[in-house]
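Residues per chain are reported as follows:
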Amino acid sequence: MTDLTLKRRHVLMGMGAIGTLATFGLPQGAMAQTPKAGGTLRISHSTRIATLNVLSLSGPAEYPCIDMIYSGLTRIGLDSKVHPDLAKSWDASADAKEFTFHLREGVKFHDGTPFTAEDVVATYTAILNPDIPSSARSVLTMVEKIEAVDPLTVKFTLKTPFADLPVSTAHANARILSKAALAGPLTDLDTKANGTGPFKLDVYDSARMVRLVKNPDYYQPGKPYLDAVEMMLFPDLAAETANFLSGATDVMLTVQQAEFARIAAQPGIEAKRVASGRYVCIVMRQDQKPWDDVRVRRALALATDRELLVDVILEGLGRPAADSIVPPELAFATDKPAIPYDPEAAKKLLAEAGYPDGLKATLVASDRPAIRAQTAIALKQSAAAGGFDLTIETMPHDTYLANVWMKGAFYIGYWGMQPTIDATYRLLLTSDASYQDTEWKNAEFDALIEEGRATVDEAKRAEIYAKAQAMEAEDVPYIVPFFEDVLTASSTKTASWEVAPISRYFYVEDVWLDKA
Amino acid sequence: MTLAYLLRRLGAIVVVLAIVTVAVFGITMVLPGNAALMILGEHATPENLVAMERQLGLDRPVWVQYGTWVWGVLHGDFGMSLRLSLPVAQVVGEAFWNSAWLALMALAGVTVIAIPLGALAALKRGSVWDLVIGLFSYVGTAMPEFVTATLLLILFASPEWPVMPAGGYVAPSEDFLGFLRHAILPAGTLGLILMAHISRQVRSEMSEVLSSDYIRAARLKGLRGRRVVWRHALPNSLAPAVAVISLDVGYLLGGIIVVEEIFAWPGLGRTLIYALQNRDLPVIQAITLLLAVVYALSNLIADIIIAWLDPRVRHA
Amino acid sequence: MRDFLRNPAGLVGLCLLSIVIGAALFGPWLAPYDPQQFHPKTRLQGPSWDFWLGTDQYGRDLLSRILNGAPSTVFFGIGSTALGVGVGSVIGVIAGVAGGRTDSVIMRVLDGLLAMPELLFTLLIVTFLGGGTTQAMLAVAVTFAPGMARIARSSVLSVRTREYVMAATARGESRAWIVGREVLPNALGPIIVEATIRVSFAIMIGATLGFLGLGAQPPSTEWGLMVAEARQFMFRNPWCVAVPGLAIAFTAMGFNLFGDALRDAFDPKRSR
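Rules and cut-offs
Residues numbered from 1 in each chain as written. Chains lettered and ligands numbered in written order. Predicted model: local features only at pLDDT ≥ 70, side-chain atom pairs only at ≥ 80, totals over all residues. Helix = DSSP H or I, 4+ residues; strand = E, 2+ residues; numbered from the N terminus. Buried ≥ 20, exposed ≤ 12 C-beta atoms within 10 Å, placed from the backbone. Contact = placed C-beta atoms within 7 Å. Rg over C-alpha atoms; globule rule 2.2 N^0.38 Å. Pairing = 2+ DSSP bridges. Axes fitted to C-alpha atoms, helices over the stretch in contact; angles between N-to-C directions. Parallel < 35°, antiparallel > 145°, perpendicular 65-115°, else oblique. Left-handed = near helix turned anticlockwise from the far one by under 90°. Nonpolar A, V, L, I, M, F, W, Y, C, P; charged D, E, K, R; others polar. pLDDT = per-residue confidence, 0-100. Right-handed = clockwise from strand over helix to strand, strands pointing away.

1. Some details on the overall build of chain C
And then number 1: For chain C, the count of helices and strands is 10 helices and 0 strands.
And then number 2: If you list the helices and strands of chain C from N to C, you get α-α-α-α-α-α-α-α-α-α.
And then number 3: Oriented by its inertia axes, the alpha-carbon framework of chain C measures out at about 75 × 45 × 30 Å.
And then number 4: A burial count over chain C gives 57% of its 272 residues as buried.
And then number 5: The long-range share in chain C, meaning contacts at least 24 apart out of those at least 6 apart in sequence, stands at 69%.

2. A look at the overall build of chain A
And then number 1: Along chain A, the regular secondary structure elements total 15 helices and 20 strands.
And then number 2: In summary, chain A has a C-alpha radius of gyration of 23 Å against a globular reference of 24 Å for 516 residues, a match within 12%.
And then number 3: Dimensions of chain A, computed from C-alpha atoms along their principal axes, come out at roughly 70 × 55 × 45 Å.
And then number 4: Relative to its full complement of 516 residues, chain A shows a buried share of 53%.

3. Focus: the pairing of strand 5 (residues 87-92) of chain A
Look at any regular strand and the pattern is simple: side chains alternate between the two faces of the sheet.
All names here are of chain A.
And then number 1: Here 5 bridges tie strand 5 to strand 6 (residues 98-103), and the two strands are oriented antiparallel to one another. Its bridge partner lying in strand 6, alanine 92 is registered against phenylalanine 99.
And then number 2: Following strand 5, the chain reverses through 5 residues before pairing antiparallel with strand 6; alanine 96 in that reversal takes a positive phi of roughly 55 degrees.

4. Focus: the sheet that holds strand 6 of chain A
Residue and element names in this part refer to chain A.
And then number 1: The 4 strands lie next to each other as 5-6-8-7, forming an open sheet whose pairing is antiparallel. Edge positions in the sheet fall to strand 5 and strand 7 (143-150), since each of these pairs with one other strand and no more. Put simply, the sheet's adjacent strands are angled 20 degrees from each other on average, direction ignored.
And then number 2: Both strand 6 and strand 8 (residues 153-158) contribute to a ladder of 5 bridges, which runs antiparallel. When the bridges of strand 8 are listed, glutamate 98 appears paired with threonine 157.
And then number 3: Packed onto the sheet, helix 3 (residues 117-128) meets strand 6, strand 7 and strand 8 and runs at close to 165 degrees relative to strand 7.

5. Regarding the packing of helix 6 (residues 133-160) of chain C against helix 8 (residues 175-211) of chain C
All names here are of chain C.
And then number 1: Taken N-terminus to C-terminus, the directions of helix 6 and helix 8 make an angle of 155 degrees; their axes are 9 Å apart at the nearest point. Comparing their axes, helix 8 and helix 6 come out roughly antiparallel. Regarding helix 6 and helix 8, the two cross each other, and that crossing is right-handed. Here helix 6 contributes Ala136, Val140, Phe144, Met148, Ile151, Ala152, Ser155, Val156, Val159 and Arg160 to the contact with helix 8, which in turn contributes Val183, Asn186, Ala187, Pro190, Ile191, Glu194, Arg198, Ala202, Ile205, Gly206 and Leu209.
And then number 2: Class assignment of the residues belonging to the contact of helix 6 with helix 8 gives a composition of 15 nonpolar, 3 polar and 3 charged.

6. Some details on the interface of chain B and chain A
And then number 1: If you look at the interface, chain B gives 30 residues, while chain A gives 30 residues.
And then number 2: Mapped onto the side of chain B that touches chain A, the elements with two or more residues apiece are helix 2 (35-40), helix 3 (46-56), helix 5 (88-123) and helix 11 (268-278) of chain B.
And then number 3: Grouping the constituent residues of the side of chain B that touches chain A by class yields 14 nonpolar, 10 polar and 6 charged.

7. Focus: the interface of chain B and chain C
And then number 1: Counting from both sides, the interface comprises 38 residues of chain B and, opposite them, 33 residues of chain C.
And then number 2: Contributing elements (two or more residues each) for the side of chain B that touches chain C: helix 1 (3-30), helix 6 (128-142), helix 7 (145-156), helix 8 (176-210), helix 10 (225-263) and helix 12 (281-309) of chain B.
And then number 3: Class assignment of the residues belonging to the side of chain B that touches chain C gives a composition of 27 nonpolar, 9 polar and 2 charged.

8. Remarks on helix 6 (residues 237-245) of chain A
All names here are of chain A.
And then number 1: With 7 of 9 residues buried, helix 6 lies mostly within the body of the structure.
And then number 2: Taken together, the buried positions of helix 6 are occupied by Leu237, Ala238, Ala239, Glu240, Thr241, Phe244 and Leu245.
And then number 3: Two residues or fewer after helix 6 comes glycine 247, characterised by a positive phi angle close to 90 degrees.

9. As for the confidence of the model for chain C
And then number 1: Residues of chain C with pLDDT of at least 70 account for 95%, and the chain-wide mean is 85.
And then number 2: On the interface metric, ipTM, the complex scores 0.85, and its pTM is 0.85.

10. Side note on the pairing of strand 16 (residues 388-395) of chain A
Residues and elements named next belong to chain A.
And then number 1: Here strand 15 (residues 359-366) pairs with strand 16 via 8 bridges, running parallel. If you follow lysine 360 over to strand 16, its bridge partner there is aspartate 389.
And then number 2: The parallel pair strand 15 and strand 16 is bridged by helix 11 (residues 370-384), and the resulting crossover is right-handed.

11. Thoughts on unusual backbone geometry
Most of the time, phi is negative for any residue but glycine, and the peptide bond is trans.
Residues and elements named next belong to chain A.
And then number 1: Note that the residue after lysine 289, namely proline 290, is joined by a cis bond; omega there is -5 degrees.
And then number 2: Inspection of the secondary structure puts proline 290 in the loop between strand 13 (269-284) and helix 8 (294-302).
And then number 3: Looking along the chain, the bond that leaves arginine 368 and enters proline 369 is cis, with omega of -15 degrees.
And then number 4: Secondary-structure assignment places proline 369 in the loop between strand 15 and helix 11.
And then number 5: One non-glycine residue, serine 80, lies in positive phi territory at about 60 degrees.
And then number 6: Within the element layout of this structure, serine 80 appears in the loop between strand 3 (74-76) and strand 4 (82-84).
And then number 7: Residue glutamate 315 is not a glycine yet carries a positive backbone phi of 55 degrees.
And then number 8: If you trace the backbone, glutamate 315 turns up in the loop between helix 9 (306-314) and strand 14 (318-320).

12. A short note on the environment of threonine 221 of chain C
All names here are of chain C.
And then number 1: Relative to the assigned elements, threonine 221 resides in the loop between helix 8 and helix 9 (223-230).
And then number 2: Expressed as a C-alpha distance, the spacing of threonine 221 and leucine 67, which sit 154 residues apart in the sequence, is 8.8 Å.
And then number 3: Those residues in contact with threonine 221, other than ones at most four positions away along the chain, are Pro35, Arg65, Asn68, Gly69 and Met226.

13. Digging into the packing of helix 2 (residues 8-30) of chain C against helix 3 (residues 62-98) of chain C
Residues and elements named next belong to chain C.
And then number 1: Between helix 2 and helix 3, the shortest axis-to-axis distance is 7 Å and the interhelical angle comes to 135 degrees. By the criterion of interaxial angle, the relationship of helix 2 to helix 3 is oblique. Considering how the two elements wind past one another, helix 2 and helix 3 form a crossing that is left-handed. Contacts from Val20, Ile21, Ala23, Ala24, Gly27, Pro28 and Leu30 of helix 2 reach helix 3 at Leu67, Asn68, Ala70, Pro71 and Val74.
And then number 2: The residue inventory of the contact of helix 2 with helix 3, partitioned by class, reads 10 nonpolar, 2 polar and no charged.

14. A word on the environment of tryptophan 161 of chain B
Residues and elements named next belong to chain B.
And then number 1: Looking at the secondary structure, you find tryptophan 161 in strand 2 (residues 161-162).
And then number 2: Judged by local crowding, tryptophan 161 falls into the exposed class, with 10 C-beta atoms found within 10 Å.
And then number 3: Along the chain, tryptophan 161 and glutamine 90 lie 71 residues apart, while their C-alpha atoms are 37 Å from each other.

Now the structure itself:
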């Protein structure tokens, strides 16, 4: 039964997709042709690369840059699983409290200095230093000690057991910096970069272009194929599209939903739709009325017309979700039955909860990105039939961040995909989650997640996480109406351009240009 | 128009600028949130926020921040952009030239086209020309820039019929023709609206001059029509036109913000909006200052030109 | 008034204005659909029998949205102008009547405020106020006030030296009486004329702020915001940006023409 539904969904998605749906295994670079070396890949993007500071950056066009410049101990693959990077292997103690990473030999930083365990220790010390802003700290809080056992071995000692540590070390913001760079002024990291990745920084101009050139000493022999990569900023979508279609650029990093069908229909273009775990969620603060009542939350869930939202907001380029923040791509994700749009049932539930005449509420949405306000508007329409009278309040992003985010009672959240179920839940739902904004605090749930962390046996973990997901479905801490696809496009001359579902890993070292 | 008067005007400008910087600084400080929060966005754990504020120097007392900034500016150092990892001088400097090109192209085009149009309308009062020009100027003044720009985009930049690029920018040093092509629609948008203002003004001033006693006297003396117009009427209606143009510089400085945003032209306006959204205070300050200086100077220069063109004002 | 009606521009202005005011008063009742109602099957359509002006990206009826947005647009224009003119006039009259040091201090401050380009000034204020219709209205009013104060002051000054004011002063009337009964009524003309023309500016600035995302917020039917929201779709359905855009232009033109004609009627010398 489970399998059947899953398959059916994939078939449906395959039909909806124009072009190709990314295969979740190896990149399609395993094509019959042998890769050609040389050439400059021009990637267009429409958000600024405001900084190259690996520790704290978060821009959509900044991630591909650091993915090319730096390497981490581990890296997430297109299959959403952990792969070795600078660590060629690792072993964990039976209690999942001690991890030993064996580093690759002969790796050099771009400036020629050899990469050693000391650099790893310095990097992770910086990440864990509360005086330095770093995004990866929240997934590494359990780390107690990092030591260099020898120049090619690093040992992590944890305060609490954590089976997914190698996933945490693959965090996009946990790339290895050189010890020397961390000893210097940290503001230098904004504009300078000395990594071990396949490309070296050549030009950094946040107003126009970031140019990277081939690192001949990259640890994968023969790679990268490209001589250089140029990240070209187009502050205007129309101009970006026009340039891409005319062949002035090879890759369009992000395609807007409204443009996807048109771009995909052009000859010589391969538009990709990658099913991803990026989602919009409706935050309902559960230490306050009326959201403390699960019946009200369920009523809103039933009053959410997911098909309509996917059609109108995503132009069909996404999947209805079932109020779980865990996307089907993640390991241990259970199959969740679709939630029907049933306004009558919603009204009935509202009446049971003590709102026979419906419920009034103000839903806050930030103005950036536009999808938040769009979701709010569509939800208002959809929920009206279910007895919800929603007032939409859209506000500038700075006001939202300062006044509503993590504080408001009812607002629209927007999150990227996380690499594991543990990271997904630890971000938002456990009592000590980094961004606990629902006050849905459940000791039983916390205990399950804790147990999952400490369990190494796969079958047991599956069982534990199934229980956790059942609790989530039961309690509806968030309304998650849909998962949004990651949309990208490349010219057919660009081989092996891939974006991982967690759109932070790009494997540009595998890309090559088929230009005769 | 004495030297003392000029000095007094310049002094007033400096005072105004000082007030502007204090106001912008003060209000930005009072607002909820700051650049650190905007950089971290929804990855802002309280811990990271504190660290980022320290890194950006936002944890210092307000007066220290302001003092440091003023001290820097007085020494020609506008500081670092909080968001863009670049010196403010570089960010704003590049943007300034891009905007200046756009504005100059619009102004030059308009001056060449609008003044003759206005004169034509005044000379052929009541003709079809007058009516068309009048209508055009009424419609032009009633369209906000974003409407004109959007309509121009639909007409000239649709995917089915892309005569013009839909926005963006090419550096003139790389591809001058491409630069011009990208500049046509934004400069045209600004120009259309300016043209409406200026041609109308020239028309009404010129009509007044044409019906004045000395022109009639000149005609009576037997001077031919064209000579009367070029030697007497037009120069006398120019002073008001210059006044309008200088007022329109103020309009232009506002309009450029919208136009640059729509056509993705990397000038002051677009940079200002980006800085406002990201609470990048040093950049906001620098751009506001720069725009206020340009505006004040253009007013001053216009006053000087008017005084020079119009003897009555010169002696007043 | 007869002069006014003979002026074709004024007549056109009056017609446009009547349509706009009519839409503002009765628009929401005339609208054929709920302006927020989605019609997901008919998104981004051109005009048809069902949707006279077409539909937007959610399949909402554009005609209904325009009609629904009319009252707030007109109210925004008139409201912010009234506020700006009111405050500005009071300041200007005080300066003009008081004269001396008060006058020169007030004028210095006004000069300072006028040293900022108008839209930039509004933009800064509204950013600092935090965006939203009320904030945008306040910002426009604040921007208008200095200019209006100048006009009010100069018209007070020109009235102040007229015979009837001098006569009243000679009669020994109180200052307040003179201002209230002689100066104000006679200085009012230019202020009203200027205000009418300013309404069109206010509407345009309001729409521009909406367009920039700093004024009205979704799902409002404010016209500038409608253009902004539909911009992504303008090539797929030009109607969804052209309709609100032209609505703004017509409204602004109505107030403009009307104001100009009004000015000509007040001051026949300028009609040429």
